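Notes for the structure review
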Amino acid sequence: MNGLKNCKIVGSVPDWKTWCREADNVDLPCDWLELRVDALPPELSADEIFDFLPGVGVLLTPRHQSEGGHREWVGEDRLRLTLELLPMAVAVDWEAALLPQAKPLVMAAKEMEVLVIASHHNFEKTPSVEKMLEIEAAARAAGADIVKFAYRVHTMDDVMKGIDLLRRATGPIAVMGMDEKLGPMSRILYAEHGSCLIYGYVGDTPTAPGQWSAARFYKALHG
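Below: a short report on this structure. (Residues numbered from 1 in each chain as written. Predicted model: local features only at pLDDT ≥ 70, side-chain atom pairs only at ≥ 80, totals over all residues. Heavy atoms only, no water.)

Here we look at the side chain of Glu-95
Worth spelling out the cut-off: Starting at the N terminus, helices and strands are each numbered in turn, a helix being any DSSP run of H or I of at least four residues and a strand any DSSP run of E of at least two. The buried label applies to any residue whose accessible area, calculated with a 1.4 Å probe on protein chains only, is under 20% of its type's maximum; exposed applies above 50%, and partly exposed to all values in between. Nitrogen and oxygen atoms within 3.5 Å of one another constitute a polar contact, given that in protein one can donate a hydrogen and the other can accept it, and given that sequence-neighbouring residues count only through two side-chain atoms. By the convention used here, residues are in contact when the closest approach between their heavy atoms is within 4.5 Å.
You can see Glu-95 is positioned in strand S4 (residues 91-95). Residue Glu-95 is classed as buried on the basis of its relative accessible area of 0%. Within the structure, the side chain of Glu-95 is placed 2.9 Å from the backbone nitrogen of His-64, a separation counted as a polar contact. In this structure, Glu-95 is in contact with Pro-62, Arg-63, His-64, Glu-67, Arg-78 and Ser-119, ignoring residues within four places of it in sequence.

Have a look at this one:
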């Protein structure tokens, strides 16, 4: 199965300085640009962020600290800021484990036709396929349009679990391995087998172990 035509390249931006610079780039090598809201200076207001809109779709990712986020969110600050920024987005990423508690966000996203991505990260190992299918089912029940898995791969057997997951998933799914050696290869392989998103960094700094730049992934997928 060749899923390359349906796989969107997401350019992940690691910091506010890079975002401000790349927002004016008319030749971005990606379909969406990911704004890591958790990595923004906390004093920035939503209005200031709206001043820097790129020419491609925006994926909002206010990552929670429990899954690698940079900011220690307090109370409802994360939900409030995400709702304020939602009009700029084509998609929003929220952790699958926390999505059932984010009903206001899911409802607002549906009303604005913003895709909800439910993500699950494991920085130590590859979960079993059965466990990931359980997470997928719960995420879809909570309102996810796309379910995303990013996990550490140590062996080719780990990589192949992602192929099995893609075959058995019940809806749109994104899969990616994290590893300096196997990570890039796994992401291209998963794109070929139907993963709907592939992430590469924009700027100078990878945002995940073994991640290629968005430009390099673009060249690998499209020549």
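We are not done yet, so read on.
Remarks on the sheet that holds strand S3 (residues 57-61)
Backbone hydrogen bonds hold the strands of a sheet together, and the pairing may be parallel or antiparallel. What counts here: Here, any two strands with at least 2 DSSP bridges between them count as paired. Here the axes come from fitting lines to C-alpha atoms, over the contacting stretch only for helices, and the angles between their N-to-C directions go from 0 to 180 degrees.
Here we have eight strands laid out as an open sheet, ordered S7-S6-S5-S4-S3-S2-S1-S8, and parallel in their pairing. Looking at strand neighbours, the two that pair on one side only are strand S7 (173-178) and strand S8 (197-201), the edges of this open sheet. Within this sheet the neighbouring strands show an average axis-to-axis angle of 25 degrees, counted without direction. Here five bridges tie strand S2 (residues 32-36) to S3, and the two strands are oriented parallel to one another. If you follow Arg-36 over to S3, its bridge partner there is Thr-61. Docked against the sheet, helix H3 (residues 77-85) engages S3 and S4, running at close to 165 degrees with respect to S4.

Points about the packing of aromatic side chains
What counts is decided by this rule: Side-chain rings of Phe, Tyr and Trp, where Trp is taken by its six-membered ring, are said to pair if the distance between their centres is within 6.5 Å; with planes under 30 degrees apart they count as stacked, over 60 as edge-to-face, and otherwise as tilted. Lysine and arginine charges are scored as sitting over a ring when NZ or CZ, respectively, is within 6 Å of the ring centre and within 35 degrees of the ring normal.
One pass over the structure, following the stated rule, counts two aromatic pairs. Ring plane angle 80 degrees and centroid distance 5.4 Å describe the contact between Trp-16 and Phe-52, whose orientation is recorded as edge-to-face. Separated by 36 residues along the polypeptide, Trp-16 in helix H1 (residues 16-22) and Phe-52 in the loop between helix H2 (46-50) and S3 bring together distant segments of the chain. Judged by its relative accessible area of 29%, Phe-52 is partly exposed. Ring geometry for Trp-212 against Phe-217: centres 5.3 Å apart, planes inclined by 40 degrees, an arrangement best described as tilted. For the cation-ring pair, Arg-78 lies above Trp-94, with the distance from its terminal atom to the ring centre recorded as 3.6 Å. Between the NZ or CZ atom of Arg-216 and the centre of the ring of Trp-212, over which it lies, the distance is 3.9 Å.

Description of the state of the cysteines
The cut-off we apply is this: In what follows, a disulfide is any cysteine sulfur pair within 2.5 Å.
Taken as a whole and judged by the stated rule, the model has zero disulfides. Cysteine Cys-7 remains unbridged, with the sulfur of Cys-196 as its closest cysteine sulfur at 7.2 Å. Accessibility expressed as a relative area gives 15% for Cys-196, which makes it buried.

Observations concerning a nonpolar patch on the surface
Note the following rule: Residues form patches when they are more than 30% accessible in relative terms and have no salt bridge. Like charges link within 9 Å. Nonpolar side chains (Val, Leu, Ile, Met, Phe, Trp, Tyr) link within 5 Å. In short, Shrake-Rupley with a 1.4 Å probe defines the accessible areas, and a residue's cover is counted only from the protein chains shown. One speaks of a salt bridge when a side-chain nitrogen belonging to Lys or Arg is within 4 Å of a carboxyl oxygen belonging to Asp or Glu.
Taken together, Met-156, Met-160 and Met-185 make up a surface patch of nonpolar side chains, about 250 Å² in accessible area. For Met-185, a relative accessible area of 32% corresponds to the partly exposed category.

A closer look at the pattern of salt bridges
Summed over all chains, the structure comprises 13 salt bridges. Among the salt bridges present, the one from Asp-38 reaches Arg-36, with a minimum N-O distance of 2.9 Å. Residue Arg-63 is joined to Glu-95 by a salt bridge in which the shortest nitrogen-to-oxygen separation is 2.8 Å. Here Glu-95 lies in strand S4 and Arg-63 lies in the loop between S3 and H3, a separation of 32 residues in the sequence. Side by side, Arg-63 and Glu-95 carry an identical accessibility label, which is buried. Connected through shared salt-bridge partners, Arg-63, Arg-78, Asp-93, Glu-95 and Lys-148 make up one network.

As for the nonpolar core
Rules: In plain words, nonpolar cores are sets of buried Ala, Val, Leu, Ile, Met, Phe, Trp, Tyr and Cys residues tied together by side-chain atoms within 4.5 Å.
Counting 63 residues, the largest nonpolar core has Leu-35 and Leu-60 as its most contacted members. The greatest single-element share of this core, amounting to five residues, is contributed by helix H5 (residues 129-141). With sequence-adjacent residues up to four places away left out, Leu-35 is seen in contact with Trp-19, Leu-40, Ile-49, Val-58, Leu-59, Leu-60, Thr-61 and Met-88. Trp-32, Ile-117, Met-176 and Ala-208 belong to the second largest nonpolar core, which has 14 residues in total.

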